[in-house]
Amino acid sequence: MIRHLLQRLLVALARLLVLGLATLALIEFSFVVIGDSEQHVWSRGAYGAVPQELAPDPFTWEGLIRVRAVATARVLILVIPSVLLIGYSWGILGARLRRYRLARLLAAPFAVFACVPGFWFAVLVAVYSYFHWQRPGFANDLVVERGPDLLAWWHASVVALPAMAGAAAWQIRAVAAVLERETTRSWVRGYFVAGANDEEIFYGRAIPRAASSLASLLDRPVAAIVGSLVVIESAFRYPGLGSLFVESVRLGSYPGILLAALCLAGMVLVATLLRELISSRE
Amino acid sequence: MINRRPSRWLRSLSLIAIRLWQLRRVLVLVMLYFSLFGWLFSGDRAGDVRPTELYGIRETPRWREPDRDHWCGTAVNGADLFELSRFAMATSVSVAVVAVSAGIALALLLTMLVVFDPEENRFAWIERLSATGVILPGMIVMVILTGGGGGGLLLVIPGLASLVALMISPLLCRWFREGEDGFEIVAARVLGLSRREIVLGRVLPSVLRRLPGVFAILVPVAMLAEMSLSFLGFAGDRLSVGVMIARGQAYLIEAPWMAIYPGLFASVVVMAFSLLGWRVSAALRTGPLPPLF
């Protein structure tokens, strides 16, 4: 077990290294080869202190990344468990009642919401909050001094909502598709002939047999969620890693781009690692 | 009279009629698809209209609230927002269609490079490349590429196409592998058909048949990605729904319709393409695709 864990950790580290090099190559290609920048990724002058546009208060890169990562982690803590919970429970229910095409019905509200551009949702929230509370956007001037910072969690939940919609719709359909495929296999007829009823076959046989395929879906929506956060955080002006990444690209700050991209990719990598470890235990 | 055989023409016609009847669902969807395309691309072309002209700050703005003449209101210079949104969506759809088609073609080319290789793990490098590549979210790659390169369609289209190719190629590999494991393929091998004959004559047509489903599913996703890039300001200085919403935010209090209605229009069009995409995918039994971007 420990050997396997170390092996997967080594693979994850190698992947992170490859992604870091790929990101550097992409920055060099887009900023220097296509764009008009004269700063190469290997020149030392490109890696200075944090620009004032990224952080008005004096910050080190480490401190800035930590603050932004906490804000993004807050959103991901809300999004990923919700997607998994909704995706697996509704997907299983949809597959169980597949004769009524319930999977599509259950996924429909999320799928419709996923068609709404996330940045437009941010505009709607701003319009609503202005005409109802006379405050467009988040109340960033309010500071919670005592007790749990519920205001930060409220902001995170508003950002999480559009990011969750598309991923949940995909997860419901993917879980239902895996189970529906499993229940159309030939062994099901054998159990019917032997006298087993629907529920015994579905919950007692089909789900355990499809467990490894279901486990392989654990990390699939994470990359899409993180990708959507890049746009949604910028639209909401939410101070997370996604908005730091976009601001760094606008300013042409290579350390900001590299650190934010690697942190976001690292979150996907952790999800992949967890999935690999869970799948290997099946 | 009873034993008279129908003519060759009549038989061909009846075969065509039967084939069309079998494809009736797909044909209806294709007609709906083309109707949607036709509607988006019809009407007066706004031509070389630039967002700065439409949304530039003026001393006496000529905007108008939504009314019977202008369903979505007008922009700062008095141009109808409904027509502008339609023009902007037509551009987004064009970008998505070209990028997704190029991406699928590239993925097919990549897969076909190794498909005749007799080795058992011939698809391994494609799958490894994709497994590592998908860890860096597609939107991050697109933002670096377009943000650093100064934006523009010439960057957005190849970028989206490469991402689609990276995501879709393992799926094509799986379809080829499943196709070669089928019962009729084993029978063909026993009958002495060569590997080349089997792949080109049996497996490839079944893979190609599913590709329109992949295309139909990916087009709305690519549209959303293109709109997101233009919202962030990384898709060049041309009219897009993302740019319209981003610029409309400046007038959120005085003229909120400028940011609200283009987004509503875009959501409805993306929803229509998504619904059609799901139906096409279900009719062609494409199966679920991995989430993109």
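As the structure is a computational prediction, the values presented were derived from the model and not from experiment.

Student: Please provide a residue-by-residue account of the overall build of chain A, values included.
Tutor: Tallying secondary structure elements over chain A gives eleven helices and zero strands in all. Across chain A, helices and strands are ordered from the amino to the carboxyl terminus as α-α-α-α-α-α-α-α-α-α-α. Principal-axis analysis of the C-alpha atoms places the extent of chain A at approximately 75 × 55 × 40 Å. Looking at chain A as a whole, 48% of its 282 residues qualify as buried. For chain A, long-range pairs separated by at least 24 residues make up 73% of all intrachain contacts whose partners lie at least 6 apart in sequence. Of the roughly 14600 Å² of accessible surface on chain A, 63% is carried by carbon and sulfur atoms. Distance from the positive charge centre (25 side chains) to the negative charge centre (19 side chains) of chain A: 11 Å.

Student: Please set out the overall build of chain B residue by residue, giving values where relevant.
Tutor: In terms of regular secondary structure, chain B is built from eleven helices and zero strands. Helices (α) and strands (β) of chain B occur, in sequence order from the N terminus, as α-α-α-α-α-α-α-α-α-α-α. In terms of C-alpha radius of gyration, chain B reaches 24 Å, well past the compact-globule figure of 19 Å for 293 residues. In terms of its C-alpha atoms, chain B occupies a principal-axis envelope of roughly 80 × 60 × 25 Å.

Student: Quick rundown of helix H2 (residues 24–41) of chain B? Include the residues and the values.
Tutor: The α-helix advances 3.6 residues per turn, and as a result positions three or four apart in sequence lie on the same side. Helix length check: H2 of chain B, at 18 residues, gives a terminal C-alpha distance of 26 Å against a target of 26 Å (1.5 Å per residue), a fit within 8%. If you follow the buried residues of H2 of chain B, they end up packed against helix H4 (81–115), helix H9 (195–232) and helix H11 (257–283) of chain B.

Student: Describe the confidence of the model for chain B, with residues and values.
Tutor: With 95% of its residues at a pLDDT of 70 or more, chain B has an overall mean of 86. Predicted as a complex, the structure gets a pTM of 0.89 and an ipTM equal to 0.90.

Student: Give a description of the pattern of salt bridges that names residues and reports values.
Tutor: For side chains bearing opposite charge, pairing can occur when the charged atoms are close. Taken as a whole, this structure holds twelve salt bridges over all chains when the rule is applied. Taking the shortest distance from any N to any O, the salt bridge between Arg15 of chain A and Glu276 of chain A comes out at 3.3 Å. Of the two residues, Arg15 of chain A sits in helix H1 (residues 2–34) while Glu276 of chain A sits in helix H11 (residues 254–281), which places them 261 residues apart along the sequence. With a closest N to O distance of 3.2 Å, Arg86 of chain B and Glu83 of chain B form a salt bridge.

Student: Tell me what's going on with the interface of chain A and chain B, and back it up with residues and numbers.
Tutor: Facing 52 residues of chain A, the contacting portion of chain B comprises 45 residues. With both sides pooled, the region where chain A packs onto chain B buries about 4000 Å², and carbon together with sulfur makes up 80% of that total. At the junction of chain A with chain B, the criterion picks out zero salt bridges. Where chain A meets chain B, there are five residue pairs in polar contact (both at pLDDT 80 or more). When contributions to the side of chain A that touches chain B are tallied by element, the ones reaching two or more residues are H1, helix H3 (102–114), helix H4 (118–133), helix H5 (150–183), helix H9 (220–236), helix H10 (241–251) and H11 of chain A. The leading source of residues in the side of chain A that touches chain B is H9 of chain A, at eleven residues. Grouping the amino acids of the side of chain A that touches chain B by side-chain chemistry returns 39 nonpolar, seven polar and six charged.

Student: Lay out the packing of aromatic side chains with the relevant residues and their values.
Tutor: Applying the stated rule across the entire model yields 16 aromatic pairs over all chains. Geometrically, the ring pair formed by Trp90 of chain A and Phe110 of chain A is edge-to-face, given 5.7 Å between the ring centres and 70° between the ring planes. Of this pair, Trp90 of chain A sits in helix H2 (residues 61–96) while Phe110 of chain A sits in helix H3, and the two are 20 residues apart along the sequence. Residue Phe110 of chain A is classed as buried on the basis of its relative accessible area of 14%. Seen in terms of ring centroids, Phe119 of chain A and Phe231 of chain B are 4.5 Å apart; in terms of plane orientation they differ by 15°. Their pairing is stacked. Here Phe231 of chain B lies in helix H9 and Phe119 of chain A lies in helix H4, a pairing that spans two chains. We classify Phe231 of chain B as buried; its relative accessible area is 9%.

Student: Which residues make up a nonpolar patch on the surface, and what values go with them?
Tutor: All names here are of chain B. A surface patch of nonpolar side chains, about 530 Å² in accessible area, is lined by Leu10, Leu13, Ile16, Leu20, Leu23 and Leu27. Element by element, the count of residues in the nonpolar patch is highest for helix H1 (residues 8–22), at four residues. Residue position: Ile16 is located in helix H1.

Student: Quick rundown of the environment of Arg62 of chain B? Include the residues and the values.
Tutor: All names here are of chain B. Within the element layout of this structure, Arg62 appears in the loop between helix H3 (51–55) and H4. Judged by its relative accessible area of 52%, Arg62 is exposed. Counting along the chain gives 189 residues from Arg62 to Tyr251, while the straight-line C-alpha distance between them is 13 Å. The contacts of Arg62, once residues within four sequence positions are left out, are Thr74, Ala75, Val76, Asn77 and Gly78.

Student: Describe the packing of H9 of chain B against helix H10 (residues 241–248) of chain B, naming the residues involved and giving the relevant values.
Tutor: Residues and elements named next belong to chain B. Between H9 and H10, the least distance of the axes is 7 Å, while the angle of their chain directions is 35°. The two elements H9 and H10 cross, and the hand of that crossing is right-handed. Each of Met227, Ser230 and Phe231 in H9 lies in contact with H10, whose residues at this interface are Val241, Gly242, Val243, Ile245 and Ala246.

Conventions and cut-offs
- Residues numbered from 1 in each chain as written.
- Chains lettered and ligands numbered in written order.
- Predicted model: local features only at pLDDT ≥ 70, side-chain atom pairs only at ≥ 80, totals over all residues.
- Heavy atoms only, no water.
- Helix = DSSP H or I, 4+ residues; strand = E, 2+ residues; numbered from the N terminus.
- Buried < 20%, exposed > 50% of the residue type's maximum accessible area, 1.4 Å probe, protein only.
- Contact = heavy atoms within 4.5 Å.
- Areas by Shrake-Rupley, 256 points an atom, 1.4 Å probe, with all protein chains shown as cover.
- Lys, Arg positive; Asp, Glu negative; His and termini not counted.
- Charge placed at Lys NZ, Arg CZ, Asp CG, Glu CD.
- Rg over C-alpha atoms; globule rule 2.2 N^0.38 Å.
- Expected span 1.5 Å × (residues − 1).
- pLDDT = per-residue confidence, 0-100.
- Salt bridge = Lys/Arg side-chain N within 4 Å of Asp/Glu carboxyl O.
- Buried area = accessible area lost by both parts, 1.4 Å probe.
- Polar contact = N/O pair within 3.5 Å; in protein donor to acceptor, adjacent residues only side chain to side chain.
- Nonpolar A, V, L, I, M, F, W, Y, C, P; charged D, E, K, R; others polar.
- Phe/Tyr/Trp six-rings, centres within 6.5 Å; stacked < 30°, edge-to-face > 60°.
- Patch = residues over 30% accessible without salt bridge, like charges linked within 9 Å, V, L, I, M, F, W, Y side chains within 5 Å.
- Axes fitted to C-alpha atoms, helices over the stretch in contact; angles between N-to-C directions.
- Left-handed = near helix turned anticlockwise from the far one by under 90°.

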